[in-house]
Amino acid sequence: MKRLLSLLLALVLCLSLTACGQRNDENGTLKLYVDGAAYTNVSTMVTAFMEAYPNIQVEAEMLPQVELTISSDYTSSVDTDSLSQREAVLQQHRTALMAGSSDADLYLLTGGTSQFNELNGGALVQDVNSLMAGGVLADLSELLDEIDRSEYLNGVFEAGQLNGAQYLIPLRVELNGIIVDLSDDPVFPEDQEAFLQTLMETYARELTGASLGCAFVVGTLSYPVVNKAELTISLYDDNYAAALQWAQEFRALALEYPDEGKSYAELIDDGTLVMAATNPLLALTGLASTLQQQDTTAELGYVTIPNEKDGVTAEVTAYTFVPATSENTQAAVTFLEWMLSQEVQGGSIPVFPIMGGGYPVRKGCAQAALEQSSFAYTLDYVGESAMTSLAECEERITDGKYSTHYDMELLNTLYSWQAGETELDAALEALYDDWALYLDE
């Protein structure tokens, strides 16, 4: 009997040790909701993940998108039925999320100011800072222990933190910059003021041709204009005031030197600045296609525009979070670690599209992603210098930023002012008053 009891105890101990040694995140079902153009290969993503982690089942559902009709003159019109459906579904998710009744384990969302464009039918999250402060998100800080932070862009994880907790995980970013002709051996200072002075004094005639509008300095700032979590409006602080002053100076240059309508090949032949961009991969592949059609090549490079810290701000354009109500946080962390892996970020597992998917948050993955795509020919037309410049840009990034609906409102106001449709000071005062009401809610 004693021997039998000993064997039973040994068996129980072995089973206990086996259970302790097995990660809790290796089992379960993850319910994902996916929104926006940053995730066009959802079925591929789900299949590839479940092959790597067969004990974790994934159920993914795309939130409804707005249907657009493009007319013969290339103007867009929104299908009202699809718009109404999207608005209703987004509101259901917002209500459930804030009420603590969401059935989601993960949201994969497309971010950036462009997501707030009315043609998208609105964004699920209008203000990520309010969401983080609302107590409705799970703390994902343990994910940071599973990855080597040095392999990722600086500052992008910190942008999703509040009070020492990690609530938002970045997956793709944009970088405000300019594609330039490196055969001219241009020199652009890393100091913000010197950089902007160089643009004004050396390249004044080229700014409009490169589509560098008056609002670009505002877009480089490392923090949002409204922060609900901190109850701040930064519209009139030193950095935003300086950016708005630069906007006025660049607007004056645009009026003095209007766009001459040159082609990209002509811009390369006649000058240095080629194209302002926020998604360098998208811009470079587009230029490569144009150069291919013209049977010519160039040595191009990407130059990021310094922020107020003389570093570079990466605007998060694809991100994810876990609702606090999720009972599968461990499985979600496993999924997110996989999304941040070399295979996914580098494109060997095609989760993110090159066109419109944004820039990888993992360093050194941009060229790999490009070579895995149908745009692998790009380097033949824009030169190896393009990828070399992107590697240099990655090392200059200092900050990440989640833009909000209020950042988009500010940019739209500046665009309207640049077009002569509004008076700037009055428009800014109206924005400030509306934002103050929002903070008081």
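Quick look at the structure, then. All of these numbers come straight from a predicted model, not from anything done at the bench.

**What about the pattern of salt bridges?**
- Applying the stated criterion to the full structure yields nine salt bridges.
- Of the charged contacts in the structure, one is a salt bridge between Lys262 and Glu260, with a shortest N-O distance of 3.6 Å.
- Asp270 is paired through a salt bridge with Lys262; the nearest N and O atoms lie 3.4 Å apart.
- Judged by relative accessible area, which is 32%, Lys262 ranks as partly exposed.
- Linked by salt bridges that have partners in common, Glu260, Lys262 and Asp270 make up one network.

**Digging into empty space enclosed by the protein**
- On inspection of all chains with the given rule, the structure shows one cavity of 30 Å³ or more.
- One number sums up the size of the largest cavity: a volume of about 110 Å³.
- In this structure, the largest cavity is lined by 15 residues; those nearest its centre are Thr110, Gly111, Phe116, Val125 and Tyr319.
- At the level of elements, strand 5 (106–110) and strand 14 (312–321) are the ones that each hand at least two residues to the lining of the largest cavity.
- Partitioned by chemical class, the residues of the lining of the largest cavity number nine nonpolar, five polar and one charged.

**Quick word on the sheet that holds strand 12 (residues 273–277)**
- Strand order in the open sheet made by the three strands is 12-9-13, with antiparallel pairing throughout. The open sheet has two edge strands, strand 12 and strand 13 (300–304), and neither has a second partner. For this sheet, the mean angle separating the axes of adjacent strands, direction not counted, is 25°.
- With five bridges connecting them, strand 9 (residues 177–181) and strand 13 associate as antiparallel partners. Residue pairing across strands places Ile179 opposite Tyr302, the latter belonging to strand 13.

**A word on the layout of surface pockets**
- Its volume calculated, the largest pocket comes out at about 1,000 Å³.
- Lining the largest pocket are 44 residues, and of these Thr113, Ser114, Glu174, Thr278 and Glu315 sit closest to its centre.
- Among the secondary structure elements, those contributing two or more residues to the lining of the largest pocket are helix 7 (216–220), strand 12, helix 10 (280–293), strand 14 and helix 16 (405–418).
- The element best represented in the lining of the largest pocket is helix 16, accounting for five residues.
- Residue composition of the lining of the largest pocket, by class: 19 nonpolar, 21 polar and four charged.
- Estimated volume of the second largest pocket: approximately 410 Å³.
- Those elements that place two or more of their residues in the lining of the second largest pocket are helix 4 (128–133), strand 6 (161–162) and strand 16 (397–401).
- No other element matches the four residues that strand 16 contributes to the lining of the second largest pocket.

About the criteria used
Residues numbered from 1 in each chain as written. Predicted model: local features only at pLDDT ≥ 70, side-chain atom pairs only at ≥ 80, totals over all residues. Heavy atoms only, no water. Salt bridge = Lys/Arg side-chain N within 4 Å of Asp/Glu carboxyl O. Buried < 20%, exposed > 50% of the residue type's maximum accessible area, 1.4 Å probe, protein only. 1 Å grid on protein atoms, 1.4 Å probe; cavity = no way out; pocket = protein on both sides within 12 Å on 5 of 7 lines; lining within 4 Å. Points joined across faces, edges and corners; volume = space filled by probe spheres on them. Helix = DSSP H or I, 4+ residues; strand = E, 2+ residues; numbered from the N terminus. Nonpolar A, V, L, I, M, F, W, Y, C, P; charged D, E, K, R; others polar. Pairing = 2+ DSSP bridges. Axes fitted to C-alpha atoms, helices over the stretch in contact; angles between N-to-C directions.

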